[in-house]
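# Results of the structural survey
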Amino acid sequence: MNQIADILKLAREAQQQQVDAVLATVVRTEGSAYRRAGAMMLICEDGRSVGMISGGCLEPHIIKRAFWLTRDGANVQVYQTGDDIEYAENGNVRASVSEEGFDFDRGSDNKGTDNKYDEQDIDLDELNFGLGCNGRVHVLFERLATAMSLLNVISQVRQSQQPVTVATLICSTIHFNTQHNPNSELQIGVRLNLNNYIKSGKLTAIDANNSDKVVSNASSTVIHAIESLSEYKLLHKNAEYVIVKDDNDNDDLATEWLIQRLQPQIRLLICGAGNDVMPLVTMAKMQDWHVTVVDSRAQYATQRRFPQADSVMVLALDDSDTLLKLSKNAAIALMSHSLSQDRARLGVLLEHANHYKYLGQLGPRYRTERLIEEISTRLTNPASLNLGIKKLHYPIGYKLGGDGPEALALGIMAQVNAVVHNQNLSTENSDTHLSNTNFTTLFSTHIDSIETTATSARAAINLS
């Protein structure tokens, strides 16, 4: 399931077929939750749906209520997964509802008493699903007409390979929509391009036509909120819930936002088109990665053999420019089972270690070290390989157990995920780091020996 790709595809189809839809987005989680902020699900009025915002417990309920919940516009609902579920006399689950939060479209604050209602009478949709996870999930519901502003930006990021930071307004106690400024374009669900604000100082909202509209007449409180958001640093997450108080730190004047750093797809370049590459392509596409397969052998590099790959190319061994272009910011797996192919690709890539995010070489350690030795003897400056050798993972992938191409692909996927997402995992399942450290030391010693010999030779020549 390529959730983002599937959501974008279904959204385009719904637009073309003039079928309305609702986008449900997780904007905040508390306690234990299956999905993080930013997870999405698209529900069409004809019954089609893609994506997940939970482990499957919330989706049936949300599919039934999505259009009813958005009858008056975008709003946020809260779902609980605690223990204290109650049952009615007829044995049916009785919804546990706590009326806390906001009726966002009317701007009224409904904080107050706890009440019990039958499900069909619930306005604020805070339900206890009794799953024992003890978490709360806040979900933004909006019709496709407004949600396309986000989906279009995601498509743009995937095409341009340039990340964009977006802030979505999910709650406000300022009421600037109706009271302070009735003509303001800032409403619940509005998305602001923080990159534009940082670059130009202009407050721009992203509309459904994928154009940035300048927001005029924004209050000082709103401008303060945007300034605070533009300075907010997302650390290890790509989406976070943020509360911004006014410049006087007044709790009664606050805005709540979902900040998302929309990232390009992870790009996987596979050099080699053997049969063992097929499960790796399948697993990478399941994670919505962009996959390119290259090989110098035309009989192997065909789209028919790799129908799921985004691109399959016959790439000559001497075409270094194309190799570097394809490898930019990519994860690279060298697995051609060909010494000549691996030598040519590895020789180029080791000298451009800052060009890619990950490099892995298939095959036993001695084979890879033999290749590096052969490559180094052809260079006037073998030390240029040092950084690439430190970055190289060989043998490629984690040792997770199992046998065959599928087990290999799983180990490669696990290792690439860990490297790309900066996870410091234990190296006990991989010989990579130990072998790299040892070989880099030996290789550096070898280079020093070569340089010493050359120096001695030059000195002897001068004496003669």
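It should be emphasised that the depicted structure is a prediction, and the values quoted were computed from it without experimental measurement.

## Some thoughts on the overall build of the protein
Along its length, the protein carries 13 helices and 24 strands. Across the 464 residues that make up the protein, the buried fraction comes to 47%. For the protein, restricting intrachain contacts to residue pairs at least 6 apart in sequence, the fraction spanning at least 24 positions comes to 65%.

## Examining the pairing of strand S20 (residues 290-295)
Counting buried positions along S20 gives six out of six residues, so the element sits mostly inside the fold. Of the two faces of S20, the one holding His290, Thr292 and Val294 and the one holding Val291, Val293 and Asp295 are both buried throughout. Bridge count between strand S19 (residues 267-271) and S20: five bridges; the pairing is parallel. What sits directly across from Leu268, in S20, is Val291. In this fold, the crossover linking S19 to S20 by way of helix H7 (residues 278-286) has right-handed handedness.

## Thoughts on the nonpolar core
Ile270, Leu280 and Val293 are the most contacted members of the largest nonpolar core, which totals 26 residues. When residues of this core are traced back to their parent elements, those giving at least two are S19, H7, S20, strand S22 (331-334) and helix H12 (405-420). Sort the elements by how many residues they give to this core and H12 lands first, with five residues. When neighbours within four sequence positions are excluded, Val293 is seen to be in contact with Ile270, Gly272, Ala273, Val277, Val281, Phe306, Ala309, Ser311, Val312 and Met313. The next biggest cluster of nonpolar side chains, apart from the first, holds 24 residues, and it includes Ala11, Met40, Val50 and Ile154.

## What about the pattern of salt bridges?
A pair can form between side chains of opposite charge whenever their charged atoms are brought close. Throughout the structure, instances matching the rule amount to 13 salt bridges. Asp288 is the salt-bridge partner of Arg158, the closest N and O atoms lying 2.9 Å from each other. In this pair, Arg158 sits in helix H3 (residues 144-160) while Asp288 sits in the loop between H7 and S20, placing the two residues 130 residues apart along the sequence. The same class applies to Arg158 as to Asp288, namely buried. Residue Arg370 is joined to Glu374 by a salt bridge in which the shortest nitrogen-to-oxygen separation is 3.1 Å. Of this pair, Arg370 and Glu374 both sit in helix H10 (residues 365-376), four residues apart, which is roughly one turn of that helix.

About the criteria used
- Residues numbered from 1 in each chain as written.
- Predicted model: local features only at pLDDT ≥ 70, side-chain atom pairs only at ≥ 80, totals over all residues.
- Heavy atoms only, no water.
- Helix = DSSP H or I, 4+ residues; strand = E, 2+ residues; numbered from the N terminus.
- Buried < 20%, exposed > 50% of the residue type's maximum accessible area, 1.4 Å probe, protein only.
- Contact = heavy atoms within 4.5 Å.
- Pairing = 2+ DSSP bridges.
- Right-handed = clockwise from strand over helix to strand, strands pointing away.
- Core = buried A, V, L, I, M, F, W, Y, C linked by side-chain atoms within 4.5 Å.
- Salt bridge = Lys/Arg side-chain N within 4 Å of Asp/Glu carboxyl O.

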